[in-house]
Amino acid sequence: MIFQRWLASRYRRSAFPDQFEQRLTRHKLDRKIVDAGKKLGSDIAAIYFDLTNEEASPDETYLLGIVIMYQTEDDTARAKAAATSMKSKIETAFQAKLYSNTDHKWKDIELEYVDVISDEGFSYRMSQILKPWRLEYISLGADPQQPIDKAS
């Protein structure tokens, strides 16, 4: 049963452009995002990407917004603090890897914003615009195993 859920979660995720995924991986930012949220458990309900220009040319910078949704069911204050900490780690990683302080320009991916929002504040409209960045395959491999977002 666990393997079936892992497999379904792994291959059901939203498709982002290959070039975008390659850039995230090349700069190890996919790992930085995972690492930033690894020990937060069920406090983080989901991570969403807002990729403004999905049809970017190879020499064009992708414009990315990230929304970190935290849960309010258990300890809302703890979950919000965890999401805020994750936000800071993600911003720091993107700045360090992709932003040039010399010419004040982004390379490959420009991080436009990182927002923290509660599961109660997440609107239906937002769910239609943003794409979930799937981490279920990591959640299932964690020890102890983390819960999977059942909404997706």
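As the structure is a computational prediction, the values presented were derived from the model and not from experiment.

**Quick word on the packing of helix α3 (residues 29-37) against helix α4 (residues 76-98)**
So, point 1. Interhelical geometry of α3 versus α4 gives an angle of 160° and a closest axis separation of 9 Å. The angle between the axes of α3 and α4 places the two elements in the roughly antiparallel class. Handedness of the crossing formed by α3 with α4: right-handed. Between α3 and α4, the contacting residues are Leu29, Lys32, Ile33, Ala36 and Gly37 on the first element and Met86, Lys89, Ile90, Ala93, Phe94, Lys97 and Leu98 on the second.

**What to know about the confidence of the model for the protein chain**
So, point 1. Averaged over all residues, the pLDDT of the protein chain is 84; the fraction at 70 or higher stands at 79%.
So, point 2. When pLDDT is averaged over each element of the protein chain, strand β5 (residues 109-118) comes out on top at 97 and helix α6 (residues 136-141) at the bottom at 44.
So, point 3. Segment residues 137-152 is flagged for pLDDT under 50; beyond a separation of four residues in sequence, or across chains, it makes 26 contacts in the model.

**Things to note about the packing of aromatic side chains**
So, point 1. Across all of its chains, the model carries seven aromatic pairs by this definition.
So, point 2. Consider the rings of Phe49 and Trp133, whose centres lie 5.2 Å apart with planes at 15°: the pair is stacked. Here Phe49 is found in strand β1 (residues 44-51), whereas its partner Trp133 is found in the loop between β6 (131-132) and α6, with 84 residues between them in sequence. Trp133 matches Phe49 in its accessibility class, with the two residues each being buried.
So, point 3. Stacked on the ring of Phe16, the Lys or Arg Lys131 has its end atom at 5.6 Å from the ring centre.

**Quick word on the pairing of strand β2 (residues 62-70)**
Regular strands show a simple pattern: their side chains alternate between the two faces of the sheet.
So, point 1. Summarising burial for β2: eight of the nine residues are buried, a large majority.
So, point 2. Bridge analysis of β1 against β2 gives seven bridges, and the strand direction is antiparallel. Bridge pairing links Tyr48 to Val67 in β2.
So, point 3. With nine bridges joining them, β2 and β5 adopt parallel strand pairing. Residue pairing for β5: Val67 is matched across the bridge by Asp115.

**Some words on the environment of Phe16**
So, point 1. Structurally, Phe16 can be placed in the loop between α1 (2-11) and α2 (18-26).
So, point 2. The sequence separation of Phe16 and Phe49 amounts to 33 residues, and the corresponding C-alpha distance is 9.5 Å.
So, point 3. What Phe16 contacts, discounting residues up to four positions off in sequence, is Glu21, Phe49, Leu51, Lys131, Pro132 and Trp133.

**Concerning the pattern of salt bridges**
So, point 1. Applying the stated criterion across every chain yields a total of four salt bridges.
So, point 2. Arg78 is the salt-bridge partner of Asp43, the closest N and O atoms lying 2.9 Å from each other. With a gap of 35 residues between them, Asp43 in the loop between α3 and β1 and Arg78 in helix α4 connect regions that are remote in the sequence.
So, point 3. Exposure remark for Asp43: the relative accessible area of 7% places this residue in the buried category.
So, point 4. Residue Arg78 is classed as partly exposed on the basis of its relative accessible area of 41%.
So, point 5. Note that Lys131 and Glu54 form a salt bridge whose closest N and O atoms lie 3.2 Å from each other. Within this pair, whereas Lys131 is found in strand β6, its partner Glu54 is found in the loop between β1 and β2, the two being separated by 77 residues in sequence.
So, point 6. Using a relative accessible area of 24% as the deciding quantity, one classes Lys131 as partly exposed.
So, point 7. Taking the relative accessible area as the measure of exposure, Glu54 reaches 28% and is therefore partly exposed.

Parameters and conventions
- Residues numbered from 1 in each chain as written.
- Predicted model: local features only at pLDDT ≥ 70, side-chain atom pairs only at ≥ 80, totals over all residues.
- Heavy atoms only, no water.
- Axes fitted to C-alpha atoms, helices over the stretch in contact; angles between N-to-C directions.
- Helix = DSSP H or I, 4+ residues; strand = E, 2+ residues; numbered from the N terminus.
- Parallel < 35°, antiparallel > 145°, perpendicular 65-115°, else oblique.
- Left-handed = near helix turned anticlockwise from the far one by under 90°.
- Contact = heavy atoms within 4.5 Å.
- pLDDT = per-residue confidence, 0-100.
- Phe/Tyr/Trp six-rings, centres within 6.5 Å; stacked < 30°, edge-to-face > 60°.
- Buried < 20%, exposed > 50% of the residue type's maximum accessible area, 1.4 Å probe, protein only.
- Lys NZ or Arg CZ within 6 Å of the ring centre and 35° of its normal.
- Pairing = 2+ DSSP bridges.
- Salt bridge = Lys/Arg side-chain N within 4 Å of Asp/Glu carboxyl O.

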